[in-house]
Amino acid sequence: MSTHLAQDESRLLVPPPARHPADPAAGAGPDAGAADGRSGRDDRLDDLRIVPARHPGRWVATAAVAVLLAMVVSSLVTNDRWEWGVVAQFLTWPSVVEGAWATVRLTAVAAVVGFALGTVLALMRLSRSPLLRSVSWAYTWVFRSVPLLLQLLLWYNLAYLYPHLSLGVPFGPEYLWFDTLSVVDKFWAAILGLGLSQAAYSAEIVRAGILSVDQGQHEAAASLGLPRRRQVSRIILPQAMRTIVPTAVNEVIGLLKGTSIVYVLAYGELFYIVSVIYGRNGRVVPLLLVASLWYLVLTTLITVVQYYVERHYAKGALRTLPPTPLQRARWTVQVAVARLTGRDVPPGVPPAYAARARVGVLTRTSRTVAPTAGERA
């Protein structure tokens, strides 16, 4: 006997109460069920009640966490020193919004520079050329060793070392030259510091993802006669992305929060703008909460994008893709409606969700019971 049960929960199948022999509904006797080819025992299994298993530890933990959450919410609501009115006032302040947009620009450009250069460095590290491997290793070693704050200050003072930047032949004539101060301003100094530092970490992430692909995939790609570039771009990297994406998104989130260190360059990103405002009005905590809420919103958006990117690259490894949050919400509502109204669950709902509509109700299971010899006849 089998029945569809929810995927993440255990269930108990409870038979109905035994019928009295004199009950007309119980039949004439033990042979009553055999008249249609089944035994009397199978009659008792005709109806089963699905009830949820008891989990007392789960209920205790849930109650404890609920009490702690209530205490936190109470402290946030009843303590006037949070000054939520000031938070609401400055949350959409024009200069704060502009600072948040500057943070997004810094994160986006630095992430593109970091992961593009990091991918090149990872491929250089995996190359058979000793020079390419040495240069990649040395770059990673240097930029992971120097603190980010120090790198930002060095790039911001690049004009002290090189007043002019030029393009030409090494140890030969120069064809183009630029004033360093006009090229490397605060924004590009921040991009150089953030992007080049991020490239050192991204190189190791990409290299680890490539090494996680089974060696047989490399051999199969080579046996097809594909050029090395197409082997990497069409076969190796798509499989490596399932390992690369989670760690890479963590790095992007860290980069988003790391842009706050750019305040040392007096660049108008979110934290710098907030610090200027609370330096003038003295409302330190409310303004810090404003910055925290903006970072929380931006991080949440990145997390949503991460989910769909991971789902996209899971196509080659899973037969059934994980449901999206909208699909989960729609199936949960459909199951709740089915339980309240007694109607059947729509056919598009997966069995793991549809089974929840039968919890606590009587269900006919005779169709799932193995047929007897009389039924097969």
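Structure report, in brief. None of these values were measured; they are calculated from a predicted model.

## Side note on the overall build of the chain
And then number 1: Within the chain, the regular secondary structure consists of 16 helices and 5 strands.
And then number 2: For the chain, buried positions account for 29% of its 377 residues.
And then number 3: Residue pairs at least 24 apart in sequence account for 68% of intrachain contacts in the chain once pairs closer than 6 positions are excluded.
And then number 4: Summed over all atoms, the accessible surface of the chain reaches about 23,900 Å², with 64% contributed by carbon and sulfur.

## So, the packing of aromatic side chains
And then number 1: Under the counting rule described, the total for this entry stands at 8 aromatic pairs.
And then number 2: Judged by centre distance (4.8 Å) and plane angle (35 degrees), the rings of Phe90 and Trp93 are tilted.
And then number 3: For Phe90, a relative accessible area of 9% puts it in the buried group.
And then number 4: Measuring from ring centre to ring centre gives 5.5 Å for Tyr307 and Tyr308, while their planes differ by 90 degrees; the resulting arrangement is edge-to-face.
And then number 5: On the accessibility criterion, Tyr308 (39% relative accessible area) is partly exposed.
And then number 6: An aromatic cluster is defined as three or more aromatic residues linked by ring pairs; in this entry it consists of Phe187, Trp188 and Tyr267.

## A few points about the environment of Pro346
And then number 1: Mapped onto the elements, Pro346 comes out in the loop between helix H14 (325-341) and helix H15 (351-354).
And then number 2: C-alpha of Pro346 to C-alpha of Trp331: the two residues are 15 residues apart in sequence and 9.1 Å apart in space.

## With respect to the side chain of Thr140
And then number 1: Inspection of the secondary structure puts Thr140 in helix H5 (residues 130-145).
And then number 2: Apart from the residues within four sequence positions on either side, Thr140 is in contact with Ala200, Ala203 and Glu204.

## Things to note about the environment of Ala111
And then number 1: Within the fold, Ala111 resides in helix H4 (residues 94-125).
And then number 2: In the structure, Ala111 is positioned 84 residues away from Gly195 in sequence and 6.4 Å away in space, judged by C-alpha atoms.
And then number 3: If we skip the residues at most four places from it in the chain, Ala111 touches Val252 and Leu255.

## Notes on the pairing of strand E3 (residues 164-168)
Along any regular strand the residues' side chains alternate between the sheet's two faces.
And then number 1: With 5 bridges joining them, E3 and strand E4 (residues 174-179) adopt antiparallel strand pairing. Considered in E4, the bridge of Ser166 is made with Trp177.
And then number 2: Counted between consecutive antiparallel strands, the loop separating E3 from E4 contains 5 residues, among which Phe171 sits at a positive phi close to 60 degrees.

## Focus: helix H11 (residues 228-258)
Working note: α-helix, 3.6 residues per turn, so residues spaced by three or four point in the same direction.
And then number 1: Helix length check: H11, at 31 residues, gives a terminal C-alpha distance of 36 Å against a target of 45 Å (1.5 Å per residue), a shortfall beyond 12%.
And then number 2: The sharpest bend along H11 measures roughly 45 degrees and falls at Arg242, with the proline Pro246 sitting one to four residues further on.

## Focus on the packing of helix H12 (residues 270-281) against helix H13 (residues 284-313)
And then number 1: Where H12 meets H13, the axes come as close as 9 Å, and the angle between the chain directions of the two elements is 165 degrees. Taken together, H12 and H13 sit at an angle that is classed as roughly antiparallel. In the crossing of H12 with H13, the sense of the turn from one axis to the other is right-handed. Every residue of H13 that contacts H12 at Leu270, Phe271, Val274, Ile277, Tyr278 and Asn281 is listed here: Val284, Leu287, Leu288, Ala291, Trp294 and Tyr295.

## Here's the deal with the nonpolar core
And then number 1: Membership of the largest hydrophobic core comes to 29 residues, with the highest contact counts inside it found for Leu106, Ile244, Val262, Leu265 and Tyr267.
And then number 2: The set of elements that each furnish at least two residues to this core consists of H4, helix H9 (186-212) and H11.
And then number 3: Here the element with the most residues in this core is H9; it accounts for 8 residues.
And then number 4: Not counting residues up to four positions away in its chain, the partners in contact with Val262 are Leu106, Leu152, Ala190, Leu194, Tyr267 and Glu269.

## Some remarks on the packing of H9 against H11
When two helices pack together, you describe them by how their axes are tilted relative to each other and by the distance separating the axes.
And then number 1: Remark: H9 packs on H11, axes separated minimally by 8 Å, with the N-to-C direction vectors making an angle of 155 degrees. On the basis of their axis angle, the class for H9 and H11 is roughly antiparallel. Crossing geometry of H9 relative to H11 is assigned as right-handed. Residues Leu194, Gln198, Tyr201, Ile205, Val206, Gly209, Ile210 and Ser212 of H9 form the contact with H11, whose participating residues are Ile236, Leu237, Ala240, Thr243, Ile244, Thr247, Ala248, Glu251, Leu255 and Gly258.
And then number 2: For the contact of H9 with H11, the class distribution of residues is 11 nonpolar, 6 polar and 1 charged.

## Here we look at a nonpolar patch on the surface
And then number 1: A contiguous nonpolar surface patch, about 610 Å² in accessible area, is contributed by Val72, Val73, Leu76, Val77, Trp84, Leu293 and Leu296.
And then number 2: Elements represented by at least two residues in the nonpolar patch include exactly helix H2 (56-78) and H13.
And then number 3: Of all the elements, H2 adds the most residues to the nonpolar patch, at 4 residues.
And then number 4: Of note, Leu76 is situated in helix H2.

## Some words on the side chain of Thr180
And then number 1: Its location among the elements puts Thr180 in helix H8 (residues 180-183).
And then number 2: Owing to a relative accessible area of 1%, Thr180 belongs among the buried residues under this scheme.
And then number 3: Not counting residues up to four positions away in its chain, the partners in contact with Thr180 are Leu158, Ala159, Tyr162, Pro163, His164 and Leu165.

Cut-offs and rules
Here the residue numbering is sequential within each chain, running from 1 through the sequence in written order. Only residues with pLDDT of 70 or above have their local features reported here, since the model is predicted, and side-chain atom pairs are shown and tallied only from 80 upward, although totals for entire chains, interfaces and linings are computed over all residues. Think of the side-chain values as coming from all heavy atoms in the structure, minus any hydrogens and water. Put simply, DSSP H or I for four residues or longer makes a helix, DSSP E for two residues or longer makes a strand, and each gets a number counted from the N terminus. Accessibility here uses a 1.4 Å probe with only protein chains present; expressed as a share of the type maximum, an area under 20% marks a residue as buried, one over 50% as exposed, and anything in between as partly exposed. In what follows, residue pairs with any heavy atoms lying within 4.5 Å of each other are defined as contacts. All accessible areas in this document rest on Shrake-Rupley with a 1.4 Å probe, and a residue is counted as covered only by the protein chains that are shown. Geometry of aromatic contacts follows a simple scheme: Phe, Tyr and Trp rings, the Trp one being its six-membered ring, pair when their centres are within 6.5 Å, and the pair is stacked under 30 degrees between planes, edge-to-face over 60, tilted otherwise. At least two DSSP bridges between two strands are needed for those strands to be called paired. To estimate how far a helix should extend, the number of its residues minus one is multiplied by 1.5 Å. Working definition for bend: take the seven residues up to and ending at a residue and the seven starting at it, fit an axis to each, and measure the angle between the axes. Axis lines are fitted to C-alpha atoms, over the contacting stretch for helices. Their N-to-C directions set the angle, which ranges from 0 to 180 degrees. Throughout, the term roughly parallel applies to angles under 35 degrees, roughly antiparallel to angles over 145, roughly perpendicular to angles from 65 to 115, and oblique to all others. Left-handed describes a crossing whose near helix is turned anticlockwise from the far helix through less than a right angle; right-handed describes the clockwise counterpart. Residues grouped as a nonpolar core are buried Ala, Val, Leu, Ile, Met, Phe, Trp, Tyr and Cys residues, joined through side-chain atoms within 4.5 Å. Amino acids outside the nonpolar list (Ala, Val, Leu, Ile, Met, Phe, Trp, Tyr, Cys, Pro) and the charged list (Asp, Glu, Lys, Arg) are all regarded as polar, and Gly is one of them. Exposure above 30% relative accessible area and no salt bridge define the residues that can form patches, which grow by joining like charges within 9 Å and nonpolar side chains of Val, Leu, Ile, Met, Phe, Trp and Tyr within 5 Å. Salt bridges are defined as contacts in which a side-chain nitrogen from Lys or Arg sits within 4 Å of a carboxyl oxygen from Asp or Glu.

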